[in-house]
Amino acid sequence: MNLFTKTFLKFLSIVSLIAQVLFAFAGLILLFAAGALLVVSNGVKTQLLQYAGLNTNLSVWFLVFSCLVALAIIACLFIIMYALHKMIGNIYKQHFFVSQNLTYLKLILISITSFTILQIISQLFFAQAHVYNVSDVFSDSSPGLIGNILLLAIIYTLYVVFKYGISLQDDSNNVI
C-alpha cells in the first residue's frame, strides 16, 4: 500500500471517528429534547412550536415520537460510521477479505436500509406537521430516495464481492 493510500485511509478513519462523536452528541441532545417535551408546560411548548414554525396543535406524544424517529436516524448514522471506521482499520492493516469486513458491510447495509425507511417516516411526520424543507442534510425529495436506493445497490454489490473474495481467500488458504 502506498503512502497516499495509507494517509487517505487514516484521514477517513479520523473523519469517521469525529462523525461518531458528533452523532452521539446529537443523540444526547435529542434525548434531552424529547424528555423536555414531556416536562415543559403547554404554554412554553406552544411558544417553542411557534418559534420553530411548527403547527402548534401537535400533541406532545407526536413530538416525542418524532424525536424518537430522529434518534433512530442518528443511531443508524452512528452505526454506519462505526462499521466504516472498523472496516477502514482492517483495510489499513491489509486485512481485506476477512469475515469481519463482511459483517461490517452487512451492518452498513442494514443501517442504510433502516435509515431510508426512517427518513420516509420522518417525512410523513413533517407532512403531518405541515413543515417542509426542514433540513438541507436530509432531502425530502424523490431524488434523495433514489440516491439512497442506489447507495444500497452499491453497498450490496460490495457485500457480494467481499463475500466471494472471502470464499476465494478461504480456498486459497486451504490449498496452501
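About the criteria used
Residues numbered from 1 in each chain as written. Predicted model: local features only at pLDDT ≥ 70, side-chain atom pairs only at ≥ 80, totals over all residues. Heavy atoms only, no water. Helix = DSSP H or I, 4+ residues; strand = E, 2+ residues; numbered from the N terminus. Buried < 20%, exposed > 50% of the residue type's maximum accessible area, 1.4 Å probe, protein only. Contact = heavy atoms within 4.5 Å. Areas by Shrake-Rupley, 256 points an atom, 1.4 Å probe, with all protein chains shown as cover. Axes fitted to C-alpha atoms, helices over the stretch in contact; angles between N-to-C directions. Parallel < 35°, antiparallel > 145°, perpendicular 65-115°, else oblique. Left-handed = near helix turned anticlockwise from the far one by under 90°. Nonpolar A, V, L, I, M, F, W, Y, C, P; charged D, E, K, R; others polar. Patch = residues over 30% accessible without salt bridge, like charges linked within 9 Å, V, L, I, M, F, W, Y side chains within 5 Å. Salt bridge = Lys/Arg side-chain N within 4 Å of Asp/Glu carboxyl O. Phe/Tyr/Trp six-rings, centres within 6.5 Å; stacked < 30°, edge-to-face > 60°. Lys NZ or Arg CZ within 6 Å of the ring centre and 35° of its normal.

- Going by what an unreviewed UniProt entry lists, the chain is known as DUF2975 domain-containing protein and is assigned to Shouchella clausii.

**Describing the overall build of the chain**
Turning to step 1, where the next piece is worked out: Across its full length, the chain holds 5 helices and 0 strands.
Turning to step 2, where the next piece is worked out: For the chain, the sequential pattern of α-helices and β-strands runs α-α-α-α-α.
Turning to step 3, where the next piece is worked out: By residue count, 31% of the 176 residues in the chain fall in the buried class.
Turning to step 4, where the next piece is worked out: A sequence separation of at least 24 residues applies to 76% of the contacts in the chain between residues at least 6 apart.
Turning to step 5, where the next piece is worked out: Counting every atom, the chain has about 11400 Å² of accessible surface; 71% of that belongs to carbon and sulfur.

**A look at the packing of helix H1 (residues 3–39) against helix H3 (residues 60–92)**
Turning to step 1, where the next piece is worked out: With their axes 8 Å apart at the nearest point, H1 and H3 run at an angle of 165 degrees to one another. As the angle between them shows, H1 and H3 are arranged roughly antiparallel. Relative to H3, the crossing made by H1 is left-handed.
Turning to step 2, where the next piece is worked out: Within the contact of H1 with H3, the residues separate by chemical class into 27 nonpolar, 5 polar and 2 charged.

**Some thoughts on unusual backbone geometry**
Turning to step 1, where the next piece is worked out: Phi at Gln94 is positive, roughly 65 degrees, even though this residue is not glycine.
Turning to step 2, where the next piece is worked out: Structurally, Gln94 can be placed in the loop between H3 and helix H4 (99–128).
Turning to step 3, where the next piece is worked out: In this structure Gln94 comes out as partly exposed when scored by relative accessible area, which is 44%.

**Re a nonpolar patch on the surface**
Turning to step 1, where the next piece is worked out: Where nonpolar side chains cluster on the molecular surface, the patch consists of Met1, Phe96, Phe97 and Val161 and spans about 340 Å² of accessible area.
Turning to step 2, where the next piece is worked out: Position of Phe97 among the secondary structure elements: in the loop between H3 and H4.

**What to know about the environment of Leu58**
Turning to step 1, where the next piece is worked out: Among the structural elements, Leu58 can be located in the loop between helix H2 (42–52) and H3.
Turning to step 2, where the next piece is worked out: Distance from Leu58 to Thr46, taken between C-alpha atoms, is 9.1 Å for residues 12 residues apart in sequence.

**What about the packing of aromatic side chains?**
Turning to step 1, where the next piece is worked out: Within this structure, the stated rule accounts for 4 aromatic pairs.
Turning to step 2, where the next piece is worked out: Considering the side-chain rings of Phe4 and Phe8, the 6.1 Å spacing of their centres and the 15 degrees angle between planes classify their relative orientation as stacked. Of this pair, Phe4 and Phe8 both sit in helix H1, 4 residues apart, roughly one helical turn.
Turning to step 3, where the next piece is worked out: On the basis of relative accessibility, which here comes to 61%, the residue Phe4 falls in the exposed class.
Turning to step 4, where the next piece is worked out: Using a relative accessible area of 41% as the deciding quantity, one classes Phe8 as partly exposed.
Turning to step 5, where the next piece is worked out: Here the aromatic cluster, defined as three or more aromatic residues joined through ring pairs, consists of Phe4, Phe8 and Phe11.
Turning to step 6, where the next piece is worked out: Seen from the ring of Tyr92, Lys10 lies directly overhead, with NZ or CZ sitting 4.8 Å from the centre.

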